[in-house]
Amino acid sequence: MKHITSIDALGRKEVDKIVEGARKMIPYARKRSTPPQAKLEKEPKVCLLFSEPSTRTLGSYEEAVRLMGWPFRIISGAESTSLAKKESLANTARMLAIQGAQIIVVRSKEEGVSTFIAEVLEKAGFSQVSIQNAGDGAHEHPSQTLLDRLTIL
């Protein structure tokens, strides 16, 4: 599965493909129904790992995963993770992958966290896990960029 940690890592064709896929989802989102293509043989388990508050972004991801009918869990706030006990972010990411997360959506106030997690999991052999950057400080928010492109179109 492909990571989306930076909008610059996506080519024009990839961005267009993502936006077109999102456009096809609009009628289902309006009806609050699950699209037929969401019924995969094995639905991905999604973890929303938000160590920084963000009501709008967390709510958007939560609603999207719910509409897809995929299993998910929310970890919101650094104080609700083992990071509060000084566990490393690398250990937290590996633990989530071991527990079966196939998509980890990361929101952090620290720049580069999603890229770091992607690299850690790749090195640990979890190449099937996709890391999605939901905002990392003042650096980047590729999901918002994709949504802005969809809105403009």
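Residues numbered from 1 in each chain as written. Predicted model: local features only at pLDDT ≥ 70, side-chain atom pairs only at ≥ 80, totals over all residues. Heavy atoms only, no water.

Chemist: Before we move on, can you summarise the packing of helix 1 (residues 12-31) against helix 5 (residues 142-152) with the specific residues and values?
Modeler: Angle between the axes and distance between the axes: these two values describe a pair of packed helices. Between helix 1 and helix 5, the shortest axis-to-axis distance is 10 Å and the interhelical angle comes to 65°. Comparing the axis directions of helix 1 and helix 5 gives the class roughly perpendicular. For the crossing formed where helix 1 meets helix 5, the hand is right-handed. Note on element contacts: helix 5 touches helix 1 through Leu146, Arg149 and Leu150, opposite Arg12, Val15, Asp16, Ile18, Val19, Ala22, Arg23 and Ile26. Tallied by class, the residues present in the contact of helix 1 with helix 5 amount to seven nonpolar, no polar and four charged. (Axes fitted to C-alpha atoms, helices over the stretch in contact; angles between N-to-C directions. Helix = DSSP H or I, 4+ residues; strand = E, 2+ residues; numbered from the N terminus. Parallel < 35°, antiparallel > 145°, perpendicular 65-115°, else oblique. Left-handed = near helix turned anticlockwise from the far one by under 90°. Contact = heavy atoms within 4.5 Å. Nonpolar A, V, L, I, M, F, W, Y, C, P; charged D, E, K, R; others polar.)

Chemist: Could you give an account of the nonpolar core, with specific residues and numbers?
Modeler: Ranked by internal contacts, the top residues of the largest apolar core, which has 16 residues, are Cys47, Leu96, Ile104, Ile117, Leu121, Val129 and Ile131. Sorting the residues of this core by element identifies strand 1 (46-50), helix 3 (89-98), strand 3 (103-108) and helix 4 (113-123) as the ones contributing at least two each. Tallying contributions element by element places helix 4 first for this core, with four residues. Those residues in contact with Ile131 that lie beyond four places of it in its chain are His3, Ile4, Thr5, Ile104, Val106, Ser114, Ile117, Ala118 and Leu121. Formed by 12 residues, the second largest nonpolar core is a distinct cluster that contains Val46, Tyr61, Val65 and Val105. (Core = buried A, V, L, I, M, F, W, Y, C linked by side-chain atoms within 4.5 Å. Buried < 20%, exposed > 50% of the residue type's maximum accessible area, 1.4 Å probe, protein only.)

Chemist: Describe the pairing of strand 2 (residues 72-76), listing the residues and the values that go with them.
Modeler: Where strand 1 meets strand 2, five bridges bridge the pair, whose relative direction is parallel. Opposite Leu49, over in strand 2, you have Ile75 as the bridge partner. What joins strand 1 to strand 2 is helix 2 (residues 55-68), and the crossover it makes is right-handed. (Pairing = 2+ DSSP bridges. Right-handed = clockwise from strand over helix to strand, strands pointing away.)

Function-wise, these values are silent; they only describe arrangement.
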